[in-house]
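# Structural overview
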Amino acid sequence: MKQPFTYIGKDIKRIDLAEKAQGKVRYTDDTNIAGMLHAKLHTSTEAHANITEIDISKAWEIAGVHAIITGEDFPFPVGPMLADRPPLAIEKTRYYGEPIAIVVADTEQQAKRAAEQIQVTYEPLPIIQSPREAMKKDAITIHENLGSYKVQVEGVHAVPGTNIANHTKIRKGDIEQGWQQSEVMVESSFSFSPADHAALEPRVARVEILPNGKVMVTTSTQGPFYVKKLLSEFFQIDAGNIMVHTPFVGGAFGGKGTVQLEFLAYLASRATGGKLVRIANSREEDMVTSPVHIGLEATVKLGARSDGTLTAAHYEFLFDGGAYSDMGAGMSKAAAVDCTGPYKLEHVSCDSYCMYTNHPYATSFRGFGHPELTFVMERMMDLLAKKLNLDPIQLRLNNLIKPGDTTPTQVHLNASNIGDVRACLQQVKKSIQWDEGQRTKTTDGKIRTKGVAAFWKTSSTPSNATAGVLLTFNTDGSVNLNCAAVEIGQGTKTVLAQILAEKLQLDMNKIHVTIEVNTMYDPHQWKTVASSTTYLAGRAVIAAADDAIRQLLQIGSVALKCLPDDLAVGNGRIYLRDSPEYFIPIKDVATGYKYPNGNTVGGLIIGKGSHVVRHLTPIDPETGFGKPGPQWTVGAQAVEVEYDPTDCTYRILQAATALDAGKVINPIAARSQMRGGMYLGLSWASRETFVFDDQGKVLNPQFRTYDTLRLSEIPTYKVDFIETPLIDGPYGARGIGEYGVIGMAGALANSLSHAADAELTELPLIPELIWKTIKGEV
Amino acid sequence: MISFDLQYFQPNTIEDAINIYEQFISENKKPIYASGGTEIISRARRNEVQPDAIIDLKNIPGFHKCEHKAGKLQIGSAVTLNHAATHSNFPLLKTVIQSIATQTARNKITIGGNLASSLPYREAVLPLLLTDSTIVLATPKGAITKNIHDVFPFNEHLKELELMMEVHLDSKLIKHPHFWIKKTKQSQINYPIVSVAAMHIDNEIRIATSGLTANPLRMKQLEKDILQAVEIEDCLDQIESYLPSPIIDDMIAQSDYRLFLFKQIIKDIAINWKGAS
Ligand SMILES: Cc1cc2nc3c(=O)[nH]c(=O)nc-3n(C[C@H](O)[C@H](O)[C@H](O)COP(=O)(O)OP(=O)(O)OC[C@H]3O[C@@H](n4cnc5c(N)ncnc54)[C@H](O)[C@@H]3O)c2cc1C
């Protein structure tokens with residue numbers, strides 16, 4: 001078949017490859033600026049306590065100290081969805097590691113030393129360590145003034161007088177009728193504690209306030225414009241006076257999609273008369289003081305007919321949002337709207353809560369509620385398969401969602417807005433060699449098992465999420481692409497360049513993408529999250545390219561003495577469609593076309609384009625009815641393990657993903673993206689968690705004791721793509737960034753449950769947990 | 001980053017090292033000896049140790065030897081783990097050492113630092129306990145040589161000012177058959193839940209373990225039990241009563257799981273030994 005594309009669907013190497021491979025990239029903290037001051041935090045040693053006194057006198061005795069800031073200096077709560085978090089704790093502290101004071105000094109060492117000298121007197125309060133405890137009627141309320149907090153995003157439903165930061169309800173069909181139709185039921189509970197994002201680059205920010213009032217921010221973030229928005233809102237600064245610069249970002253995984261250090265750096269700069277102040281997390285602070293990956297306790301009941309057809313499902317999700325709601329409120333909603341996974345269910349009820357606890361607060365993590373809900377739902381599907389004595393893949397195939405069905409929030413699915421999950425599951429079944437046996441024994445007494453998971457996700461974008469692109473031309477005919485999408489290692493800017501190359505039929509070498517983002521020069525973009533950038537910014541690239549082409553044709557028609565319609569753009573030329581040998585190079589018109597006599601027409605070619613999501617709605621507070629996201633990307637994953645029954649240890653042998661990408665724009669990059677996702681999902685599922693002591697203190701805020709999957713322990717990865725176009729996606733592409741993570745915990749847990757013949761319901765899946773589960777101690 | 005000020009010394013002789021140490025003590029200040037420095041630095045940045053002076057032993061010539069001489073394997077305390085692994089010619093020592101930390105960290109971590117670590121593991125000691133090594137200590141009165149079982153754990157036996165110079169062991173022992181197993185919470189790189197080393201020496205089985213209790217242990221009674229046991233299971237029940245302190249129960253593993261793993265390893269060792277003898 002003839003490949004209709006020149007650049008789309010090609011293994012094009014990343015545009016930042018050489019710089020990264022040679023270590024030439026400058027991340028935010030790789031710059032040392034003369035005269036820059038350093039800020040360090042004094043953080044809470046208690047998980048829940050009234051603060052009766054903060055004595056800063058000793059800290060002032062340290063040489064080099066310029067300012068000491070405490071909660072009193074800015075006693076107003078901030079937060080992306082519900083403004084519930086004072087940037088510095090005031091009156092009470094709600095988690096171990098919470099910022100209490102900032103010291104600004106000439107050197108980082110002085111700042112650290114002075115911060116250590118601050119004496120805080122605490123009056124301990126009862127500590128809540130799990131969302132279930134937080135839900136109890138007699139639980140202490142962590143936020144006494146919950147009712148007075150400002151709701152920043154429509155659709156957050158806090159319940160004053162309780163520890164509920166958000167309650168999302170789904171009521172679809174008639175759940176009672178659903179139970180009546182059920183011939184079998186399974187019910188189970190699941191849980192896991194908060195964990196870290198574990199990005200290599202710890203969070204860091206610098207702020208300077210210029211004499212003219214301009215606030216200059218440099219920060220490692222997934223949302224430069226979001227930083228600008230929230231700084232403007234919470235500190236009453238005109239948005240136009242805020243400039244946010246984001247160099248390369250050294251990994252984020254959702255953890256840099258919210259705003260924390262930027263607030264603190266701003267307060268620190270303000271307290272020093274606007275001096276340039278840097279605040280950089282130590283690894284410990286990055287793990288505990290800055291927001292974390294959410295925890296969950298869930299109980300699910302599934303009903304089915306004896307042939308395995310799902311009839312009803314009830315979900316109770318209690319997310320451990322920690323001390324402040326941040327994006328946790330959004331994740332609890334995202335998990336609710338997709339609670340069923342990619343299965344057809346007529347009768348669904350779901351109560352999803354973001355609970356306050358005395359744990360570090362949670363923010364978005366790659367997959368935004370979906371790795372979490374999928375672990376739960378996919379374990380349930382395996383439990384049901386076991387009860388019905390059905391093959392786990394067959395049970396899934398019998399129930400997969402498809403065009404014509406509706407989602408839990410009653411969105412009608414069609415051939416475009418949902419991909420082909422059946423094809424994905426069939427593919428993954430092949431990749432993992434399912435038919436060769438789900439469970440085999442090796443000659444040395446080990447057990448090899450396979451587990452699967454099917455998944456879906458729509459992105460919980462705000463209903464006005466947008467991106468924009470500006471194209472300018474150089475005198476050599478090459479194009480500059482400016483866009484505020486943040487390069488966090490996912491390769492987004494390469495993909496945008498490819499889309500532009502395809503539209504202009506211009507060599508990739510002639511496309512110059514500005515990788516850094518600066519809110520002063522780049523058009524507004526919501527954030528680089530939610531697997532939405534290829535869609536939003538990709539569409540903006542197409543719009544901007546169309547705009548530039550229109551201008552090129554117009555000026556070309558003057559130069560070539562014909563109508564614009566007679567012309568086309570390609571290979572750096574504007575040429576006659578029917579006689580391509582008649583052309584004018586873009587370089588000759590990019591900055592105005594000059595006649596031989598010197599007269600010039602046209603001026604600069606500047607292409608602009610933007611895209612905004614459309615038709616999204618908030619969901620109904622009672623039923624969940626509404627359209628939460630633009631489309632559902634679907635996929636299936638499988639994991640094979642080799643389990644040693646003598647000590648419950650295991651190796652992960654294979655991990656497979658089949659994803660409906662709509663259209664794969666860059667296959668090699670997409671495969672890497674899936675591998676990276678599987679790695680992250682397996683690392684989290686198999687070993688990542690914070691360990692708390694009974695005082696709510698995190699015992700492992702360091703990589704020495706916070707375990708992550710090592711390169712020597714990774715499995716063989718298999719990646720396949722299905723392509724069911726998203727009609728309004730760029731060249732049919734769907735969002736894929738987060739998806740490699742989503743099914744891993746479910747697939748690994750299913751595989752291991754099968755191997756150990758014990759139903760695993762917790763994460764991480766360490767050998768000791770398996771041992772305890774077998775003994776019946778979990 | 002270390003927030004407090006401290007003085008740093010790199011003496012060239014052992015006498016200087018002890019003198020500097022003594023000087024700080026007499027001023028009521030806290031000195032600390034360092035060799036690899038990795039533990040001191042990582043603890044100091046969290047204020048878990050706050051020495052006034054670091055006395056770095058790396059520059060003292062004799063502290064770097066790693067050689068077989070006069071029938072003895074002699075290793076200086078400032079020898080790095082990687083150097084000891086490649087130059088000691090002692091297979092068990094190499095295996096155990098190479099399970100500690102990462103290649104990069106092992107370029108810095110030293111034998112002396114590992115043996116004197118504040119962590120319970122100190123795994124490099126296991127082969128030394130099995131071979132009944134001797135430790136040469138530097139003291140204000142000069143060097144003295146002691147049986148490892150009399151000076152280890154250092155935190156209980158070394159006097160102020162005393163430090164480890166070298167470890168010596170019988171070169172003949174190093175090639176005896178060995179067995180070693182380390183169980184971790186998940187990644188291999190983690191600290192051990194338990195690490196067990198064993199050697200077959202002259203119809204005997206020798207066993208030492210780390211991770212089970214607060215200090216690494218040579219399990220002499222267990223060795224005897226295994227020699228005499230008819231059924232291996234019989235020796236397993238006694239294990240707990242041989243332990244001088246409670247089994248560690250922490251975030252790495254709970255004590256019941258630790259004991260379970262330990263017994264299982266001992267069973268493997270015993271079966272393996274019975275098979276070989
Ligand atoms: C990633 C990582 C993983 C690790 N995993 C393991 C593991 O699996 N098993 C394990 O056993 N250990 C492990 N360790 C711990 C490591 O072995 C110890 O921290 C060791 O102490 C570091 O040695 P050093 O030479 O750098 O010590 P230093 O920092 O120089 O000193 C440590 C201590 O020893 C004292 N000391 C040093 N030299 C002497 C001497 N000659 N005489 C008396 N006292 C002395 C010092 O005063 C100090 O108290 C790991 C460490 C890292 C970084």
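Note that the coordinates shown come from a computational prediction; the quantities given were computed from them, not determined experimentally.

### Here's the deal with the environment of Tyr643(A)
Note that Tyr643(A) resides in strand β30 (residues 632-644). Residues Tyr643(A) and Leu496(A), 147 residues apart in the sequence, show an inter-C-alpha distance of 43 Å.

### Regarding the sheet that holds strand β1 (residues 37-43) of chain A
Strand pairing in a sheet relies on backbone hydrogen bonds, with the paired strands running either antiparallel or parallel. Residues and elements named next belong to chain A. On the basis of which strands lie adjacent, the open sheet formed by eight strands has the order β3-β6-β1-β14-β11-β12-β13-β23 and mixed pairing. Strand pairing shows two members of the sheet lacking a second neighbour, β3 (65-70) and β23 (517-518), which therefore form its edges. Relative to strand β6 (residues 99-105), β1 runs antiparallel, the two being bridged by six bridges. Bridge pairing in β6 places His 42 opposite Ala 101. The strands touched by helix α6 (residues 224-235) within the sheet are β12 (215-219), β13 (242-246) and β23, with β13 carrying the most contacts at an inclination of about 150°. Packed onto the sheet, helix α7 (residues 261-271) meets β1, β3, β6, β11 (204-209), β12 and β14 (277-280) and runs at close to 35° relative to β11.

### Remarks on the side chain of Asn417(A)
All names here are of chain A. By the element assignment, Asn 417 lies in the loop between α11 (392-399) and α12 (421-431). A polar contact is formed between the side chain of Asn 417 and the backbone oxygen of His 412, at a distance of 3.1 Å. Beyond its immediate stretch of four places on either side in the chain, Asn 417 contacts Val 411, His 412, Pro 630, Gln 631, Trp 632, Leu 726 and Arg 734.

### Some points on the pattern of salt bridges
According to the stated counting rule, one finds 56 salt bridges over all chains in the structure shown. Between Lys20(A) and Asp16(A) there is a salt bridge, with its nearest N and O atoms 3.1 Å apart. Note on Asp16(A): relative accessible area 1%, which makes it buried. The partner of Arg113(A) in a salt bridge is Asp5(B), and the shortest N-O contact between them spans 2.8 Å. Placement of the pair is Arg113(A) in helix α3 (residues 108-117) and Asp5(B) in the segment before β1 (7-9), with the two residues belonging to separate chains. Of the residues examined, Arg113(A) reaches a relative accessible area of 21% and is grouped as partly exposed. Taken together, the shared-partner salt bridges connect Asp29(A), Lys40(A), Glu108(A), Arg278(A) and Glu285(A) into one network.

### Some details on the confidence of the model for chain B
When pLDDT is averaged along chain B, the result is 96, and 100% of the positions lie at 70 or above. Reported confidences for the modelled complex are a pTM of 0.97 and an ipTM of 0.96.

### Digging into the site of the ligand
Residue and element names in this part refer to chain B. Around the ligand sit 30 residues in total, of which Tyr 33, Gly 37, Glu 39, Thr 110 and Glu 123 are the nearest. In the model, an oxygen atom of the ligand is placed 2.8 Å from a nitrogen or oxygen of the Ser 35 main chain. With the chains in place, 91% of the 980 Å² that the ligand exposes on its own is no longer accessible. If you list the elements that add at least two residues to the shell around the ligand, you get β2 (31-34), α2 (38-44), α6 (111-115) and β8 (163-170). Its residues assigned to classes, the shell around the ligand comprises 15 nonpolar, 10 polar and five charged.

### Here we look at the interface of chain B and chain A
Listed by partner, the interface residues are 27 residues for chain B and 31 residues for chain A. Both sides of the chain B and chain A interface together cover about 2500 Å² of buried area, and 45% of this is carbon and sulfur. Area buried by chain B at its contact with chain A is led by Gln186(B), Met251(B) and Tyr257(B), which between them contribute 26% of it. Across the pair Asp647(A) and Lys183(B) runs a salt bridge whose closest N-O atoms are separated by 2.3 Å. Counting across the interface, chain B meets chain A through 26 residue pairs in polar contact (both at pLDDT 80 or more). Sort the elements by how many residues they give to the side of chain B that touches chain A and helix α12 (residues 255-276) of chain B lands first, with five residues. In the side of chain B that touches chain A, the residues fall into 12 nonpolar, nine polar and six charged.

### Observations concerning the domain arrangement of chain A
How big an interface is tends to be expressed through the accessible area that disappears when the partners come together. Residue and element names in this part refer to chain A. The domain boundaries assigned to chain A delineate domain 1 (17-24 + 465-612), domain 2 (31-125 + 200-251 + 256-289) and domain 3 (375-461 + 629-774). Here the C-alpha centroids of domain 1 and domain 2 sit 39 Å apart. Counting residues at the interface gives 21 residues for domain 1, matched by 17 residues for domain 2. Of the roughly 1600 Å² buried where domain 1 meets domain 2, counting both sides, 64% is carbon and sulfur surface. Taken together, domain 1 and domain 2 are joined by zero salt bridges. The interface formed by domain 1 and domain 2 contains six residue pairs in polar contact (both at pLDDT 80 or more). Broken down by secondary-structure element, the contributors of at least two residues to the side of domain 1 that touches domain 2 are α1 (17-21) and β23. Looking at the side of domain 1 that touches domain 2 residue by residue, the class counts come to nine nonpolar, six polar and six charged.

### A closer look at the domain arrangement of chain B
Residue and element names in this part refer to chain B. Domain parsing of chain B yields domain 1 (7-56), domain 2 (66-171) and domain 3 (178-276). One C-alpha centre belongs to domain 1, the other to domain 2, and the line joining them spans 19 Å. Across the contact, 11 residues belong to domain 1 and 18 residues belong to domain 2. Roughly 1000 Å² is buried in total at the junction of domain 1 and domain 2, and carbon and sulfur atoms are behind 67% of that figure. On the domain 1 side of the interface with domain 2, the three residues burying the most area are Ile 18, Ser 35 and Glu 39, jointly 39% of the side's total. Joining domain 1 to domain 2, the criterion identifies zero salt bridges. The tally of links from domain 1 across to domain 2 stands at five residue pairs in polar contact (both at pLDDT 80 or more). Of all the elements in the fold, those that place two or more residues in the side of domain 1 that touches domain 2 are α1 (14-26) and α2. Broken down by element, the residue count for the side of domain 1 that touches domain 2 peaks at five residues, all from α1. Of the residues that constitute the side of domain 1 that touches domain 2, the class distribution is five nonpolar, three polar and three charged.

Cut-off values and rules
Residues numbered from 1 in each chain as written. Chains lettered and ligands numbered in written order. Predicted model: local features only at pLDDT ≥ 70, side-chain atom pairs only at ≥ 80, totals over all residues. Heavy atoms only, no water. Helix = DSSP H or I, 4+ residues; strand = E, 2+ residues; numbered from the N terminus. Pairing = 2+ DSSP bridges. Contact = heavy atoms within 4.5 Å. Axes fitted to C-alpha atoms, helices over the stretch in contact; angles between N-to-C directions. Polar contact = N/O pair within 3.5 Å; in protein donor to acceptor, adjacent residues only side chain to side chain. Salt bridge = Lys/Arg side-chain N within 4 Å of Asp/Glu carboxyl O. Buried < 20%, exposed > 50% of the residue type's maximum accessible area, 1.4 Å probe, protein only. pLDDT = per-residue confidence, 0-100. Near = heavy atom within 4 Å. Areas by Shrake-Rupley, 256 points an atom, 1.4 Å probe, with all protein chains shown as cover. Nonpolar A, V, L, I, M, F, W, Y, C, P; charged D, E, K, R; others polar. Buried area = accessible area lost by both parts, 1.4 Å probe. Domains from an automatic or database assignment.

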